[in-house]
Amino acid sequence: MTLGLGPIGVTLDVRDGGGHLDDAVMLEKLGYSAVWIAGGQLSTLDPLRDVVRATGTIRVGSAIIPARVHPAEDVVALRRELEATDPGRLITGLGGVHGERPLRTMNEYLDRLDAADPPVPAEARILSALGPRMLELARDRAAGALTLLVNPEYTAHAREILGSEATMAVMEYVVLESDPQRARDTVRGPIGFLTQVGGYPQNLRRMGFTEDDIAGPSDRLLDDLVAWGDIDAVAARVKRHLDAGADQVVLSVQPTDPDTVPHAEWRALADALIG
């Protein structure tokens, strides 16, 4: 099964005052195939509904709905509502099962989605997955997997596990900055937070990073996980993921000035990657 995603998606930050809704309209006009809203911004599921309603045809994904925070019934209700008005546009990204027995927790959550009336079908959902067993679950009980903090070599490995039919979306931090230290400093904070959360440290060890790399995070780790540099360097990195088996690369654009919204970067990347 496949979600039929286009090759280039983008993350969207929810902003006070609704400015993100204007951003979503802009991203749709620029030709991005999907916009994704990070799970840390989903204290409620309202932003997903709001972005779908503010736009016309672009797919809107949750990256991800944390299953330990939002009951399955809330996910069912949101999909039922949006399918009635905007069918096929919501991508139900699920994850956040850190802690004890994550596979069992996710399986039970998916059981509830399957049993709903109407259900949230496997072909409409995607799972946050890093380790081999969660990738297998994403292959068997969803349309595929959404990954983060990975390199193209990992993407190729994940594609082998998922097989040729499942969807794989790869979230990629992007910094349009050619100065190495400035680029690294831009992402060191957010990546440093993630390297201490859930299954990310374990997966980074599987990818060959040391405890010092993860604790830093080190320049070596940042250079391996982040697309930074000029447009050509970022485009080459995106192509490597696509060539390795990604169906979509989701650009998480990080402006060097944290107080700005990356409108200029979104335009430049759309010109280079979408045309």
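Residues numbered from 1 in each chain as written. Predicted model: local features only at pLDDT ≥ 70, side-chain atom pairs only at ≥ 80, totals over all residues. Heavy atoms only, no water.

Novice: Got a minute to help me understand unusual backbone geometry in this structure?
Specialist: Glycine aside, residues mostly have negative phi angles, and peptide bonds mostly take the trans form. Put simply, Asp117 and Pro118 share a cis peptide bond, and its omega is -5°. Between Gly216 and the following residue, Pro217, the backbone shows a cis peptide bond with an omega angle of -15°. Within the secondary structure, Pro217 sits in the loop between helix H9 (211–215) and helix H10 (219–225). Not every positive phi belongs to a glycine, and Arg101 is a case in point at roughly 50°. Phi is positive for Leu149, which is not a glycine, with a value near 60°. Within the element layout of this structure, Leu149 appears in the loop between strand S7 (144–148) and helix H6 (152–162). (Helix = DSSP H or I, 4+ residues; strand = E, 2+ residues; numbered from the N terminus.)

Novice: Is there a simple way to think about the environment of Arg240 in this case?
Specialist: Residue placement: Arg240 occurs in helix H11 (residues 231–244). Overall, the relative accessible area of 38% leaves Arg240 in the partly exposed class. Separated by 87 residues in sequence, Arg240 and Glu153 place their C-alpha atoms 8.9 Å apart. Every residue in contact with Arg240, bar those within four places of it in the chain, is listed here: Pro152 and Glu153. (Buried < 20%, exposed > 50% of the residue type's maximum accessible area, 1.4 Å probe, protein only. Contact = heavy atoms within 4.5 Å.)

Novice: Can you help me understand helix H5 (residues 132–141) in this one?
Specialist: Residue pairs spaced three or four apart in an α-helix point in one direction, given the helix's 3.6 residues per turn. Along H5, the positions that sit buried rather than exposed are Met134, Leu135, Leu137, Ala138 and Arg141. Along the axis of H5, the buried positions cluster into a sector of 160°, meaning they face one direction only. Exposed residues pointing more than 90 degrees away from the buried face of H5 are listed as Arg133 and Asp140. Contacts made by the buried residues of H5 are with helix H4 (102–115), strand S6 (125–128), S7 and H6. (Arc of directions from axis to C-beta.)

Novice: Would you mind going over the pattern of salt bridges with me for this structure?
Specialist: Any two side chains of opposite charge can pair, given that their charged atoms come close. Throughout the structure, instances matching the rule amount to 23 salt bridges. For the salt bridge of Glu177 with Arg182, the shortest nitrogen-to-oxygen distance reads 3.4 Å. Residue classification places Arg182 among the partly exposed residues on the basis of a relative accessible area of 44%. It is possible to trace a salt-bridge network through shared partners that takes in Asp46, Arg49, Arg53, Glu81, Asp86 and Arg89. (Salt bridge = Lys/Arg side-chain N within 4 Å of Asp/Glu carboxyl O.)

Novice: How should the nonpolar core be read in this particular structure?
Specialist: General note: in soluble globular proteins, nonpolar side chains tend to be found buried as a group. One finds Tyr32, Trp36, Leu48, Met106, Tyr109, Leu113 and Leu251 to be the most contacted residues of the largest nonpolar core, which totals 90 residues. Per-element accounting of this core gives the leading share, seven residues, to strand S8 (residues 167–175). Setting aside residues up to four positions removed in sequence, Tyr32 forms contacts with Ile8, Gly9, Val10, Leu27, Ile58, Leu251, Trp266, Leu269, Ala270 and Ile274. (Core = buried A, V, L, I, M, F, W, Y, C linked by side-chain atoms within 4.5 Å.)

Novice: Explain the pairing of strand S10 (residues 248–253) here, please?
Specialist: Along any regular strand, the residues point their side chains to alternate faces of the sheet. Counting buried positions along S10 gives six out of six residues, so the element sits mostly inside the fold. Alternating positions in S10 separate into two faces, Gln248, Val250 and Ser252 on one and Val249, Leu251 and Val253 on the other, with burial throughout. Inspection of the sheet shows S8 paired to S10 by six bridges, in the parallel sense. Looking across to S10, one finds that Ala169 is bridged to Gln248. (Pairing = 2+ DSSP bridges.)

Novice: I tried to follow the packing of H6 against H11 on my own but got confused; where do I start?
Specialist: Two quantities define a packed helix pair, namely the angle between the helix axes and the distance between the axes. Following both chains from N to C, one finds H6 and H11 inclined at 20°, their axes separated by 8 Å at the closest point. Judged by the inter-axis angle, H6 sits roughly parallel to H11. The handedness of the crossing between H6 and H11 is right-handed. Taken together, the residues of H11 that come into contact with H6 (itself represented by Pro152, Glu153, Thr155, Ala156 and Arg159) are Arg237, Arg240, His241 and Ala244. (Axes fitted to C-alpha atoms, helices over the stretch in contact; angles between N-to-C directions. Parallel < 35°, antiparallel > 145°, perpendicular 65-115°, else oblique. Left-handed = near helix turned anticlockwise from the far one by under 90°.)

Novice: Would you explain H11 in this entry?
Specialist: Taking 1.5 Å per residue as the helical rise, H11 with its 14 residues ought to reach 20 Å, and the 20 Å between its terminal C-alpha atoms agrees with that figure. Val234, Arg237, Val238, His241 and Ala244 are the residues of H11 that are buried. Projected down its long axis, H11 carries its buried residues within an arc of 130°, all on one side. Exposed residues pointing more than 90 degrees away from the buried face of H11 are listed as Asp232, Lys239 and Asp243. Capping of H11 at its N-terminal end is provided by Asp230; its side-chain oxygen lies 3.2 Å from the backbone amide nitrogen of Asp232. Gly245 occupies a position one or two residues after H11 and carries a positive phi of about 125°. (Expected span 1.5 Å × (residues − 1). Polar contact = N/O pair within 3.5 Å; in protein donor to acceptor, adjacent residues only side chain to side chain.)

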